[in-house]
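Architecture and fold: a report
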Amino acid sequence: MAPRASWKGHLRLSLVSCAVKMYPATSTSERISFNQLHKDTHNRINMKPVDPELGLVERADLVKGYEYEPKQYVIIDDADLEAVRIESSHTLNIEAFVDEDEIDVLYQDAPYYLAPDGAMAEETFVVLREAMRRSGKVAIARLVLSSRERIVTIGARENGMFITTLRNPNEVRGTAEYFDNIPVGNPDAEMLDLAEKLIEQKVTSFDPKAYEDRYEIALMGMIKEKLKGHKPIVASAPDRGNVINLMDALKASLGEAKPAAKSRAKAPAAPVKESATKVSLKEALEASKTAKPKAAPRKKA
């Protein structure tokens with residue numbers, strides 16, 4: 001079954017645009033999950049809405065409400081939400097380009113894939129993708145998802161594009177209350193040197209497949225044993241021994257540390273075939289050059 005797009009619209013850079021589809025880049029369907037059952041009947045429990053005055057109510061009778069004061073609500077219906085239309089509801093309008101390393105990892109939220117929506121959009125999509133790949137930049141745009149506007153980055157990835165939604169600045173906590181009481185002082189030079197050598201011994205290339213979820217594997221093993229009617233085997237954590245002091249621990253670690261395995265070199269990616277550009281696309285690109293650029297927003301002090 002083809003994946004279902006979570007958003008459809010247009011990707012636009014100045015006067016150049018193409019229809020696109022956006023898909024979630026991650027899935028949690030393979031995670032182990034539990035259902036709530038009654039302890040005696042083992043029947044699955046249904047969560048039903050309850051009104052404090054009326055008791056059990058039908059979901060069809062539920063409406064959305066915004067609490068503007070304690071216990072005071074204004075009712076919002078689908079027509080009200082549909083009336084709130086802004087450009088980013090249906091258009092990914094690229095506003096700027098930045099270096100990818102300028103985006104603090106704290107602001108990066110959910111990943112998505114972006115693909116052209118139909119054959120007519122493919123040529124423009126490929127031109128924009130390759131232009132971003134050659135520039136080494138990621139685009140900054142806005143997108144309405146789940147009834148809120150999100151700032152996103154867009155970059156080239158393989159044959160498509162990669163979108164990352166960014167958190168709003170007011171969602172990211174400052175570091176002061178967590179880090180201010182940590183001493184700054186210079187560590188012991190010999191211990192620092194030992195720690196750096198320990199790091200060097202463990203340097204490798206990151207392969208996410210090498211870091212499987214050991215808890216989930218153990219959990220599934222326990223479930224299979226219970227299905228067989230066996231008593232689950234209780235796994236205990238390995239004994240790491242007692243650490244006497246940091247210096248001895250660093251020296252012992254260097255003695256037992258093994259160099260990280262070298263990763264295999266990846267085969268070079270196949271070159272992307274250049275397609276002939278239609279006159280309409282060329283005209284749009286030329287017109288974009290002459291279009292008066294919007295003033296970049298001033299950074300707040």
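Preceding this section is the structure that the text describes.
Model, not experiment: these values are computed from the prediction.

**With respect to the overall build of the chain**
Across its full length, the chain carries seven helices and 12 strands. Looking at the chain as a whole, 19% of its 301 residues are labelled buried. Considering only contacts in the chain between residues 6 or more positions apart, those separated by 24 or more positions represent 64%. Working note: accessible area of the chain is about 25,200 Å², and carbon and sulfur atoms make up 54% of it.

**Re the packing of aromatic side chains**
All chains considered together, the criterion is met by two aromatic pairs. With a centroid separation of 5.7 Å and an interplanar angle of 20°, the aromatic rings of Phe206 and Tyr211 are classed as stacked. It is Arg157 that lies over the ring of Phe162; its NZ or CZ is 5.1 Å from the centre.

**A short note on helix 5 (residues 214–227)**
With 14 residues, helix 5 should cover 20 Å at 1.5 Å per step; its first-to-last C-alpha distance of 20 Å lies within 8% of that length. Just past helix 5, the residue Gly229 takes up positive phi, approximately 85°.

**Quick look at the pattern of salt bridges**
The final tally for this structure, using the stated rule, is 12 salt bridges. For the salt bridge of Glu130 with Arg133, the shortest nitrogen-to-oxygen distance reads 3.1 Å. Of the two residues, Glu130 and Arg133 both sit in helix 2 (residues 119–135), three residues apart, roughly one turn of that helix. Two residues, Lys197 and Asp193, come together in a salt bridge whose shortest N-O distance is 3.4 Å.

Conventions we followed
Residues numbered from 1 in each chain as written. Predicted model: local features only at pLDDT ≥ 70, side-chain atom pairs only at ≥ 80, totals over all residues. Heavy atoms only, no water. Helix = DSSP H or I, 4+ residues; strand = E, 2+ residues; numbered from the N terminus. Buried < 20%, exposed > 50% of the residue type's maximum accessible area, 1.4 Å probe, protein only. Contact = heavy atoms within 4.5 Å. Areas by Shrake-Rupley, 256 points an atom, 1.4 Å probe, with all protein chains shown as cover. Phe/Tyr/Trp six-rings, centres within 6.5 Å; stacked < 30°, edge-to-face > 60°. Lys NZ or Arg CZ within 6 Å of the ring centre and 35° of its normal. Expected span 1.5 Å × (residues − 1). Salt bridge = Lys/Arg side-chain N within 4 Å of Asp/Glu carboxyl O.

These values are about where atoms sit, not about what they do.
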